[in-house]
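Spelled out from the first residue to the last, the chains are:
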Amino acid sequence: MIQIDDTVVSLDLIERFFCCDLASCHGECCIEGDAGAPITPEEYERLQELTPEVWDDLTPAAQKVLEEQGPAYYDEEGDLVTSIVDGRDCVFTTYGPGGMCYCALEKAYREGRTGFCKPISCALYPVRLQEFDGFTAVNLHRWKICKCAEVLGRGKKIRAYEFLKEPLTRRFGAEWYDKLCLTAREWLRQHPDR
């Protein structure tokens with residue numbers, strides 16, 4: 001672990017290679033898991049505002065969940081998370097050819113229909129944040145569905161922190177990200193076997 005300002009960053013973020021490989025995983029991180037994506041109360045408000053914009057991109061089952069429950073709920077641990085369909089898919093999941101899973105929110109953003117891409121926890125994935133009194137832990141979540149991303153990242157020589165530059169900067173700021181890069185370069189120089 002390394003400390004940068006009020007964060008404690010897992011060395012996995014620096015040492016591990018990572019580059020999303022949608023062609024292999026088909027966006028499975030949006031449909032696997034036991035709860036929706038963590039969101040902030042501010043993001044909840046944005047999701048409520050944006051639901052009409054992405055409505056036609058959603059499945060009928062997702063539309064039904066949104067009508068009955070809204071875009072989010074509190075999970076068993078008391079965290080505010082995106083609603084899910086059939087205990088599985090994020091309610092904002094949409095499907096393309098070949099079963100490819102996409103985020104309807106990101107799709108609308110990339111098409112210029114909205115100014116909001118997606119919740120920060122989604123953008124940061126596979127990074128997971130945990131808030132403690134006085135600091136934030138920045139950890140890299142590893143599981144089997146992202147193995148192809150680790151393989152692709154290694155092949156392209158892209159470290160997780162490099163792949164996640166935009167969302168890390170969005171969450172923590174450019175100055176924080178610059179400090180992370182300096183720390184990462186020095187750590188990797190001192191540990192060339194990593």
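How each quantity is defined
- Residues numbered from 1 in each chain as written.
- Predicted model: local features only at pLDDT ≥ 70, side-chain atom pairs only at ≥ 80, totals over all residues.
- Heavy atoms only, no water.
- Buried < 20%, exposed > 50% of the residue type's maximum accessible area, 1.4 Å probe, protein only.
- Helix = DSSP H or I, 4+ residues; strand = E, 2+ residues; numbered from the N terminus.
- Arc of directions from axis to C-beta.
- Phe/Tyr/Trp six-rings, centres within 6.5 Å; stacked < 30°, edge-to-face > 60°.
- Polar contact = N/O pair within 3.5 Å; in protein donor to acceptor, adjacent residues only side chain to side chain.
- Contact = heavy atoms within 4.5 Å.

K.L.:
Kindly report on helix 7 (residues 147–156), identifying the contributing residues and their values.
P.N.:
The set of residues buried in helix 7 consists of Ala149, Glu150 and Gly153. Across the axial projection of helix 7, the buried residues extend over an arc of 100°, all falling on one side. For helix 7, exposure combined with an orientation more than 90 degrees from the buried face picks out Val151, Arg154 and Gly155. The positive-phi residue at the C-terminal boundary of helix 7 is lysine 157, with phi of around 60°.

K.L.:
How would you sum up the packing of aromatic side chains? Please name residues and give values.
P.N.:
All chains considered together, the criterion is met by 3 aromatic pairs. Pairing phenylalanine 132 with phenylalanine 135 gives two aromatic rings, centres 5.0 Å apart and planes at 20°, and the pair type is stacked. You can call phenylalanine 135 partly exposed: its relative accessible area is 33%.

K.L.:
How would you explain unusual backbone geometry if you had to name every residue and give the values?
P.N.:
Across the chain, the bulk of peptide bonds are trans and the bulk of non-glycine residues have phi less than zero. The omega torsion across tyrosine 125 and proline 126 is 20°, close enough to zero to call that bond cis. Tracing the sequence through the fold places proline 126 in the loop between helix 6 (120–124) and strand 9 (127–132). Of note in the backbone geometry, aspartate 86 takes a positive phi value of approximately 55° without being a glycine. Looking at the secondary structure, you find aspartate 86 in the loop between strand 5 (84–85) and strand 6 (89–90). One non-glycine residue with positive phi stands out, namely lysine 157, at about 60°. Position of lysine 157 among the secondary structure elements: in the loop between helix 7 and helix 8 (160–163). The exposed category is assigned to lysine 157, whose relative accessible area is 64%.

K.L.:
Break down the side chain of threonine 51 for me, citing the residues and quoting the values.
P.N.:
When you line up the elements, threonine 51 lands in helix 3 (residues 41–54). Assessed through its relative accessible area of 11%, threonine 51 is described here as buried. Here the side chain of threonine 51 touches leucine 47 through a polar contact of 2.6 Å, landing on its backbone oxygen. Those residues in contact with threonine 51 that sit more than four places away from it in its chain are Leu66, Pro71 and Phe92.

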